[in-house]
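Structural overview
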Amino acid sequence: MAKKPALPKPTPAELDLLQTLWPLGSATVRQVHEAMLHDRPDVTYATVLRLMQIMHGKGLLIRDEAGRSHVYAPAYTQDSLQTNLLKDLMQRAFSGSAKALVLAALKTGISKKEREEIEHLLKDEKQ
């Protein structure tokens, strides 16, 4: 049986760009650049363009070349990519133990509100 190809692992800069692009759905380089300027006023259009071209080559983005401006969209949903990255982290850093990963996350300090949300989710699971 053939193994599914692994999802590409984005670099921190690529993940930052995806965090901007996921809510937009699809966008031109200019639109992504303008959206990124809110959090990173130092980022240049050329940097965003080059990063998006690299991400397209890696399979992280799909590109529609039909119009004058290329329109890019994430190749993977936020949930699927985050799940893949989490599984990889769990395997590499926590010997595959979800419990160890969760305990480490809880030890790093969570807010009271986050703790209440987690407790609420766990209570709902029991019912």
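All of the points below concern the structure found in this document. (Residues numbered from 1 in each chain as written. Predicted model: local features only at pLDDT ≥ 70, side-chain atom pairs only at ≥ 80, totals over all residues. Heavy atoms only, no water.)

Considering the overall build of the protein chain
Tallying secondary structure elements over the protein chain gives six helices and two strands in all. Helices and strands appear in the protein chain in the N-to-C order α-α-α-β-β-α-α-α. Relative to its length of 127 residues, the protein chain is extended, with a C-alpha radius of gyration of 18 Å against a globular reference of 14 Å. Projected onto its principal axes, the C-alpha coordinates of the protein chain cover approximately 55 × 45 × 30 Å. Sequence separation of at least 24 residues holds for 48% of the intrachain contacts in the protein chain that already meet a minimum separation of 6. Surface accessibility of the protein chain: about 9,300 Å² in total, with carbon and sulfur atoms responsible for 56%. (Helix = DSSP H or I, 4+ residues; strand = E, 2+ residues; numbered from the N terminus. Rg over C-alpha atoms; globule rule 2.2 N^0.38 Å. Contact = heavy atoms within 4.5 Å. Areas by Shrake-Rupley, 256 points an atom, 1.4 Å probe, with all protein chains shown as cover.)

Topic: unusual backbone geometry
One non-glycine residue, Ser 95, adopts positive backbone phi at about 50 degrees. Within the fold, Ser 95 resides in the loop between helix H4 (78–94) and helix H5 (98–107).

Remarks on a nonpolar patch on the surface
On the surface, Val 102, Leu 103, Leu 106, Ile 118 and Leu 122 cluster together to form a nonpolar patch covering roughly 390 Å² of accessible area. The set of elements that each furnish at least two residues to the nonpolar patch consists of H5 and helix H6 (112–126). Ranked by residue count, the leading element in the nonpolar patch is H5, at three residues. Locating Val 102 in the fold gives a position in helix H5. On the accessibility criterion, Val 102 (43% relative accessible area) is partly exposed. (Patch = residues over 30% accessible without salt bridge, like charges linked within 9 Å, V, L, I, M, F, W, Y side chains within 5 Å. Salt bridge = Lys/Arg side-chain N within 4 Å of Asp/Glu carboxyl O. Buried < 20%, exposed > 50% of the residue type's maximum accessible area, 1.4 Å probe, protein only.)

Details of the pattern of salt bridges
Applying the stated criterion across every chain, the model contains five salt bridges. Between Asp 88 and Arg 92 there is a salt bridge, with its nearest N and O atoms 2.9 Å apart. Taken together, the residues Asp 88 and Arg 92, both in helix H4 and four residues apart, mark about one turn of the helix. For Arg 92, a relative accessible area of 65% puts it in the exposed group. Glu 117 serves as the salt-bridge partner of Lys 113, at 3.5 Å between the closest nitrogen and oxygen. One end of the pair is Lys 113 and the other is Glu 117, both in helix H6 and four residues apart, which spans about a single turn. Among the residues examined, Lys 113 registers a relative accessible area of 58% and is labelled exposed. Assessed through its relative accessible area of 42%, Glu 117 is described here as partly exposed.

Some remarks on the packing of aromatic side chains
Under the criterion given, the structure shown has zero aromatic pairs. Sitting above the plane of the Tyr 45 ring, Arg 30 keeps its charged end 4.8 Å from the centroid. (Phe/Tyr/Trp six-rings, centres within 6.5 Å; stacked < 30°, edge-to-face > 60°. Lys NZ or Arg CZ within 6 Å of the ring centre and 35° of its normal.)

Some remarks on the nonpolar core
In terms of nonpolar packing, the biggest core is built from 17 residues, with Leu 17, Leu 18, Val 32, Val 48, Met 52, Met 55 and Leu 61 touching the most fellow members. Setting aside its immediate chain neighbours within four residues, Val 32 contacts Leu 17, Thr 20, Leu 21, Leu 24, Ala 27, Val 48 and Met 52. (Core = buried A, V, L, I, M, F, W, Y, C linked by side-chain atoms within 4.5 Å.)

With respect to the pairing of strand E1 (residues 61–64)
Moving residue by residue along a regular strand, the side chains alternate between the two faces of the sheet. The pairing of E1 with strand E2 (residues 71–74) spans four bridges and is classified as antiparallel. The partner of Arg 63 across the bridge, within E2, is Tyr 72. Where E1 hands over to E2, the hairpin turn is made up of six residues, counted between the paired strands. (Pairing = 2+ DSSP bridges.)

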